[in-house]
Amino acid sequence: MNPQPKPPALGILGSGRGSNFEAIAAAIAAGRLDARVACVISDVPDALILERARRAGIPALHVDPAPFKTKLEGAAEMRVVELLRAHAVELVVLAGFMRIIKTGLLSAYAGRIINIHPSLLPAFPGLEAWRQALAYGVQVTGCTVHFVDAGVDTGRIILQRAVPVLPDDTPESLHARIQEQEHQAYPAAIARLLAGGLPAACRQ
Ligand code: GRF
């Protein structure tokens, strides 16, 4: 009998708390997402996402992004591609990764890099989108899972979830309500993508 094919390998990149990583790992553990997290990579050595990955027994890898402040390029970018390939990653999942992705990684994983953003894109791209939404006065915001391209939060949309803005919301309360939806939306979007089949080059 042929052995069961391994579930598709995700490589997660994050700079912060890693609550979306946890939601993805929980969906896998609960059988709602047929995938495996092959590695977690961070540009921040003491990021909680790395600690969470270690606790889950997942390879937790730090890549020094120097000399760049806001982008992933040069030696660090090459190292990330090398690590993703070494772990046979098929889909790159950005989860709170605070750097702009440049051509090296984009072309190594063309059409296979996704991100989650805390607004209904194309509204409020960039930093702290929940603060932008509050300042603008919108009554509905949300989260968006999208493909990553060379722009900032501009790639093709995969899935969105709406979140109401309440009259007494603070930036913190609104961000928390958006994150609840992110934790549902990200695993669901990944499951949908994988069910539809990744580009052929993706299966290594
Ligand atoms: C999320 O709000 C996500 O939309 C944004 O960064 C945050 C990451 O949170 N891109 P966490 O590290 O997954 O908790």
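Residues numbered from 1 in each chain as written. Predicted model: local features only at pLDDT ≥ 70, side-chain atom pairs only at ≥ 80, totals over all residues. Heavy atoms only, no water.

Student: For this particular structure, what's the right way to read the overall build of the chain?
Tutor: Tallying secondary structure elements over the chain gives six helices and nine strands in all. Its C-alpha atoms put the chain at 60 × 45 × 30 Å along the principal axes. Relative to its 204 residues, the chain shows a buried fraction of 48%. Entry remark: accessible area of the chain is about 10000 Å², with carbon and sulfur atoms responsible for 56%. Across the chain, 20 positive and 18 negative side-chain charges occur, with their mean positions spaced 6 Å apart. (Helix = DSSP H or I, 4+ residues; strand = E, 2+ residues; numbered from the N terminus. Buried < 20%, exposed > 50% of the residue type's maximum accessible area, 1.4 Å probe, protein only. Areas by Shrake-Rupley, 256 points an atom, 1.4 Å probe, with all protein chains shown as cover. Lys, Arg positive; Asp, Glu negative; His and termini not counted. Charge placed at Lys NZ, Arg CZ, Asp CG, Glu CD.)

Student: Before we go on, may I ask you to explain the sheet that holds strand E7 (residues 113-117) in this structure?
Tutor: Strands in a sheet are paired, the pairing made by backbone hydrogen bonds, and the direction either parallel or antiparallel. Pairing is mixed across the open sheet formed by seven strands, whose spatial order is E3-E2-E1-E5-E7-E8-E9. Edge positions in the sheet fall to strand E3 (60-62) and strand E9 (157-164), since each of these pairs with one other strand and no more. Recorded for the sheet is a direction-independent mean angle of 20° between the axes of neighbouring strands. As defined by bridge partners, strand E1 (residues 9-13) adjoins strand E2 (residues 36-42) across five bridges and the pair is classed as parallel. Note on E2: the bridge partner recorded for Leu 13 is Ile 41. (Pairing = 2+ DSSP bridges. Axes fitted to C-alpha atoms, helices over the stretch in contact; angles between N-to-C directions.)

Student: Quick question: what am I supposed to make of the site of the ligand here?
Tutor: Around the ligand, the neighbouring residues are Arg 17, Gly 18, Ser 19, Asn 20, Gly 96, Ile 116, His 117, Pro 118, His 175, Gln 179 and Glu 182. Residue Asn 20 places a main-chain N or O atom 2.9 Å away from an oxygen atom belonging to the ligand. Taking His 175, its side chain carries an N or O atom lying 3.2 Å from an oxygen atom of the ligand. Against a free-state accessible area of 360 Å², the protein chains account for coverage of 89% of the ligand. With three residues, helix H6 (residues 171-196) is the single largest residue contributor to the shell around the ligand. Looking at the shell around the ligand, its residues break down into two nonpolar, seven polar and two charged. (Near = heavy atom within 4 Å. Polar contact = N/O pair within 3.5 Å; in protein donor to acceptor, adjacent residues only side chain to side chain. Nonpolar A, V, L, I, M, F, W, Y, C, P; charged D, E, K, R; others polar.)

Student: Help me understand the pairing of strand E5 (residues 91-94), please; the structure alone is not making it clear to me.
Tutor: Along any regular strand the residues' side chains alternate between the sheet's two faces. Where burial is concerned, the two faces of E5 agree: the one with Leu 91 and Val 93 and the one with Val 92 and Leu 94 are both buried. The pairing of E1 with E5 spans four bridges and is classified as parallel. Considered in E5, the bridge of Gly 11 is made with Val 92. Pairing geometry for E5 and E7, over three bridges, is parallel.

Student: Looking at this structure, I do not really get the packing of helix H1 (residues 19-29) against H6. What am I missing?
Tutor: Working note: a packed helix pair is described by the angle between its axes plus the distance between those axes. H6 packs onto H1 with a crossing angle of 50° between their chain directions and a minimal axis gap of 9 Å. When the axis of H1 is compared with that of H6, the two are oblique. Both H1 and H6 take part in a crossing whose hand is right-handed. Residues Ser 19, Asn 20, Ala 23, Ile 24 and Ala 27 of H1 pack against Gln 179, Glu 182, His 183, Tyr 186, Pro 187 and Ile 190 of H6. (Parallel < 35°, antiparallel > 145°, perpendicular 65-115°, else oblique. Left-handed = near helix turned anticlockwise from the far one by under 90°. Contact = heavy atoms within 4.5 Å.)

Student: Looking at this structure, I do not really get H6. What am I missing?
Tutor: Along its 26 residues, H6 runs 36 Å from first to last C-alpha, staying within 8% of the 38 Å computed at 1.5 Å per residue. Considering bend angle alone, the principal kink of H6 is centred on Glu 182 and spans about 25°. Of the residues trailing H6, Gly 197 is marked for its positive phi of about 90°. (Expected span 1.5 Å × (residues − 1). Bend = angle between axes of the 7 residues up to and from the residue.)

Student: Is there a simple way to explain the side chain of Glu 182 in this structure?
Tutor: Residue position: Glu 182 is located in helix H6. Buried and unpaired, Glu 182 has no salt bridge, with Arg 17 as the nearest side chain of opposite charge at 7.0 Å. With sequence-adjacent residues up to four places away left out, Glu 182 is seen in contact with Asn 20, Ile 116, His 117, Pro 118, Cys 143 and Pro 187. (Salt bridge = Lys/Arg side-chain N within 4 Å of Asp/Glu carboxyl O.)

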